[in-house]
Amino acid sequence: MTEAPTATAPHPHDHGPACAHDHEHDHGHGHDHGHDHGHAHDHGHGHGHAHAHGGHGHVHAPADFGRAFAVGIVLNTAFVGVEVAFGLWANSMALVADAGHNLSDVLALIVAWLAARAAKRPPSARFTYGFAGSSILAALFNAVFLMLALGALALEAVQRLLAPEPVSGATMIWVAAIGIAVNGFTAWLFAGGSKGDLNIRGAYLHMLTDALISVGVVLAGLAVAATGWARIDPVVSLIVVAIVVWGTWGLLRESMALSVAAVPAAIDPAEVRAALAARPGVVDLHDLHVWAMSTTEVALTAHLVMPAGHPGDAFLAETTEMLEHRFDIGHATLQIETAGGGWCRLEPDAVL
């Protein structure tokens, strides 16, 4: 689970006069609940908490995705059995390869479903963010697992290309046609959340890719039936592998980036910095960090230098609301420093 970065500017409560400036910790949290309102709380010890709720926040997966996962898992498990049986009977490497990929998709759906359920669990004393980060791990697992499966399928296809065996074109065609229907329908179930959730996007891409692969197998079956050339089957398998690798690379790259607390690809950190610097009263800012808490939630921490003094809770509410509406950053923690440009940094070996 990603944790908020440690502030490099010390708090006067901890270090006394070591740094001649005052700063207060202000926490703004934005959440999408379909309505707008702000709450300000003063705890009397230099820490202000502002919570901004906007109607243009994160794109969350709808509640009925649990049913989509269940239906997708059942349909694809049944189809894997059918495809393996007829692939072996027809001696079709393309069908067996497609079945292997469909089996990996069943596992991918199970992992994505478990992660989606875990992400809904409430925070605890030890897991203060809850288990939202499990969705990032699920997306990364699915991408890596798929790449490994594709390597095995490519090796088998190359071997079959070097030593071709006769295949049944007619069987390839009608079994793969069933695959188009099964995978296409399952992909449609996840289409609604494919843009706002990397975990759901992984499930969607798996299913959509499988539908396209099945189209390729149908074309290979037609070509085999028309020409009798057995090498068409492994050639199509290699083409399928190349297509899936191309489609999975983006998922792998993005999930790896999020797993090491990179700024989500949809957010430009320079624009975030400029937006905070443009807030009234802000003369400087530092220690800006933006990272993904999950595949749908983004967090931010920053130190804002405001020599005129603490701006009040209204400023915090407006700033966090701006971050949520413009950048989909729903968990913002802002530290106000009132010493102008005179803030100091700890030495690298200093202990907070």
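Heads up: the structure comes first, above all this text.
Per chain, residues are indexed from 1 in the order of the written sequence. At least 70 in pLDDT is required for a residue's local features to be given in this predicted model, at least 80 for side-chain atom pairs to be given and counted, and no such filter applies to totals for whole chains, interfaces and linings, which use all residues. Only hydrogens and water are set aside when side-chain values are computed; all heavy atoms of the structure are taken into account.

Quick word on a nonpolar patch on the surface
Part 1 of the argument: Any residue with relative accessible area above 30% and no salt bridge may belong to a patch, with like charges joined within 9 Å and the nonpolar Val, Leu, Ile, Met, Phe, Trp and Tyr side chains within 5 Å. Every accessible area reported is derived by Shrake-Rupley at a probe size of 1.4 Å, with residue values counting cover from the shown protein chains alone. Take a side-chain nitrogen of Lys or Arg and a carboxyl oxygen of Asp or Glu: if they are within 4 Å of each other, that pair is a salt bridge. Together, I180, V215, L219 and L222 make up an exposed nonpolar region whose accessible area comes to about 320 Å².
Part 2 of the argument: If you tally residues by element for the nonpolar patch, the top one is helix α6 (residues 198-227), at three residues.
Part 3 of the argument: Residue position: L219 is located in helix α6. The helix count covers DSSP runs of H or I at least four residues long, the strand count covers runs of E at least two residues long, and both are numbered beginning at the N terminus.

Observations regarding the side chain of T319
Part 1 of the argument: As for its position among the elements, T319 is in helix α9 (residues 313-327).
Part 2 of the argument: By relative accessible area, T319 is classed as buried at 0%.
Part 3 of the argument: Contacts are assigned to residue pairs that have any heavy atoms within 4.5 Å of one another. Among residues more than four places away in sequence, those in contact with T319 are L276, R279 and L334. Categorising residues by exposure relies on relative accessible area from a 1.4 Å probe, with only protein chains included: less than 20% of the type maximum marks a residue as buried, more than 50% marks it as exposed, and the intermediate range marks it as partly exposed.

Description of helix α8 (residues 269-277)
Part 1 of the argument: Within α8, burial applies to V272, A275 and L276. Burial along α8 is one-sided: seen end-on, the buried residues are contained in an arc of 95°.
Part 2 of the argument: Here the buried face of α8 lies against β4 (284-292), β5 (298-305) and α9. Taking the helix axis as origin, the arc is that swept by the directions to the C-beta atoms.

Quick word on the pairing of β5
Part 1 of the argument: β5 sits mainly inside the fold: eight of its eight residues count as buried.
Part 2 of the argument: Burial of the side chains of β5 extends over both faces: V298, L300, A302 and L304 are buried on one face and A299, T301, H303 and V305 on the other.
Part 3 of the argument: As consecutive antiparallel partners, β4 and β5 are separated by five residues.
Part 4 of the argument: At least two DSSP bridges between two strands are required for those strands to pair. Looking at chain direction, β5 and strand β6 (residues 331-337) are connected through seven bridges and run parallel. Bridging across to β6, T301 finds its partner in T333.
Part 5 of the argument: In the classification by handedness, the crossover that spans β5, the intervening α9 and the parallel β6 is right-handed. By the criterion used throughout, a crossover qualifies as right-handed when its path from the first strand across the helix to the second strand runs clockwise, the strands pointing away from the viewer.

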